[in-house]
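Observations on chain architecture
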Amino acid sequence: MAAVEVAIVEAPSPLGLWPSGVQELPQALMDAGLRRIAGSLRAERVRAPVYDPRRDAATGVLNPDGIARYSVLLADAVGGVLDRGRFPLVLGGDCSILLGNLLALRRQGRYGLLFLDGHTDFYQPEAEPSGEVASMELAIATGRGPRLLTDLEGRVPLVRDEDVVVFGYRDAAESAADGMQPLPAELYALDLDDVRAASAADAARGALRRLTGAEVDGFWVHLDVDVLDDSIMPAVDYRQPGGLTWSELEDVLTAALSDGHAVGLDVTIFNPRLDPTGALAARLAECLRRVLAE
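Residues numbered from 1 in each chain as written. Predicted model: local features only at pLDDT ≥ 70, side-chain atom pairs only at ≥ 80, totals over all residues. Heavy atoms only, no water.

1. A look at the layout of surface pockets
Considered as a void within the structure, the largest pocket measures approximately 300 Å³ in volume. The wall of the largest pocket is formed by 22 residues, among which His119, Asp121, Glu132, Ser135 and Tyr238 lie closest to the centre. Here the lining of the largest pocket is composed, by residue class, of 7 nonpolar, 4 polar and 11 charged. (1 Å grid on protein atoms, 1.4 Å probe; cavity = no way out; pocket = protein on both sides within 12 Å on 5 of 7 lines; lining within 4 Å. Points joined across faces, edges and corners; volume = space filled by probe spheres on them. Nonpolar A, V, L, I, M, F, W, Y, C, P; charged D, E, K, R; others polar.)

Next comes the structure, spelled out in structure tokens:
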């Protein structure tokens, strides 16, 4: 990473969730010191369309047209960073921003995905209680869901099942009870117990061997901060017990970003309104600064 210039793209979109505060993530992290990443620059701020709280009757999701348009705009911004040989650090926003990031890569070739999230986000619209795309983005990215979102620019899927590693999730019982579709067998999934059985660092290295052993040109890293333990990261909208420690997360990110095949990173779901002292934003910014510097 030291030889690659980090370019920060701000993606303050709440379209896949609701305007609860996640849209304030970029400014909170920048104010907490993320702008001080050595050699980084602020590339662009991609503003989201107006939020519509009505669930779309045709697709069963919130803001499908807005998310489709936003994904193209974000892909343009991320693609511009990649074209200049820089490493995009995309600050969300909710998890639906993953679609734009992957669209940027899909335009260029075949890429993998390291999906760090406390949830698998593989819901279909009829099983998602509120129609939130932030609970469906992995399903949509792999080609499952409303065509308006799965087939962006005719590039379905944005990422193949076999090119995905889901890492650190802990929502299996909840999602099964909700009727979420099962994860496909071709998609490699490590829940929190699997990660702990090996150690986070060893599990990350195993995940990277799968990603880099595939016929891919590189991989994207998606970080939903609710992969962290709820006791140390309560500033998220959907809380659940357990999760990674700060040290474990840093081990995983350091392994991923020092691999040489990682081409970008997004950060999502942190809600500054649930962090009144700013202490969590400062800790998250410190974590990101450290792993990106390494």
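So much for the structure itself; the text now carries on.
2. A closer look at the nonpolar core
The biggest cluster of nonpolar side chains holds 58 residues, and the ones touching the most others in it are Leu29, Leu89, Leu114, Phe167, Val221 and Phe270. No other element matches helix H10 (residues 279-293), which puts 8 residues into this core. In this view, Leu89 contacts Val6, Ala7, Ile8, Val9, Leu34, Ile37, Leu265, Val267 and Leu292; residues no more than four positions away in its chain are not counted. Of all hydrophobic cores here, the second largest spans 46 residues; its members include Ala75, Leu105, Ala127 and Ile140. (Core = buried A, V, L, I, M, F, W, Y, C linked by side-chain atoms within 4.5 Å. Buried < 20%, exposed > 50% of the residue type's maximum accessible area, 1.4 Å probe, protein only. Helix = DSSP H or I, 4+ residues; strand = E, 2+ residues; numbered from the N terminus. Contact = heavy atoms within 4.5 Å.)

3. Comments concerning the pairing of strand E8 (residues 262-268)
Of all 7 residues in E8, 7 are buried, a share of seventy percent or more. Bridge count for strand E7 (residues 219-224) against E8 is 6 bridges, and the pairing is parallel. Residue pairing in the sheet places Asp224 in a bridge with Thr268 of E8. Once the chain exits E7 it traverses helix H9 (residues 246-257) before rejoining the sheet at E8, and the crossover so formed is right-handed. (Pairing = 2+ DSSP bridges. Right-handed = clockwise from strand over helix to strand, strands pointing away.)

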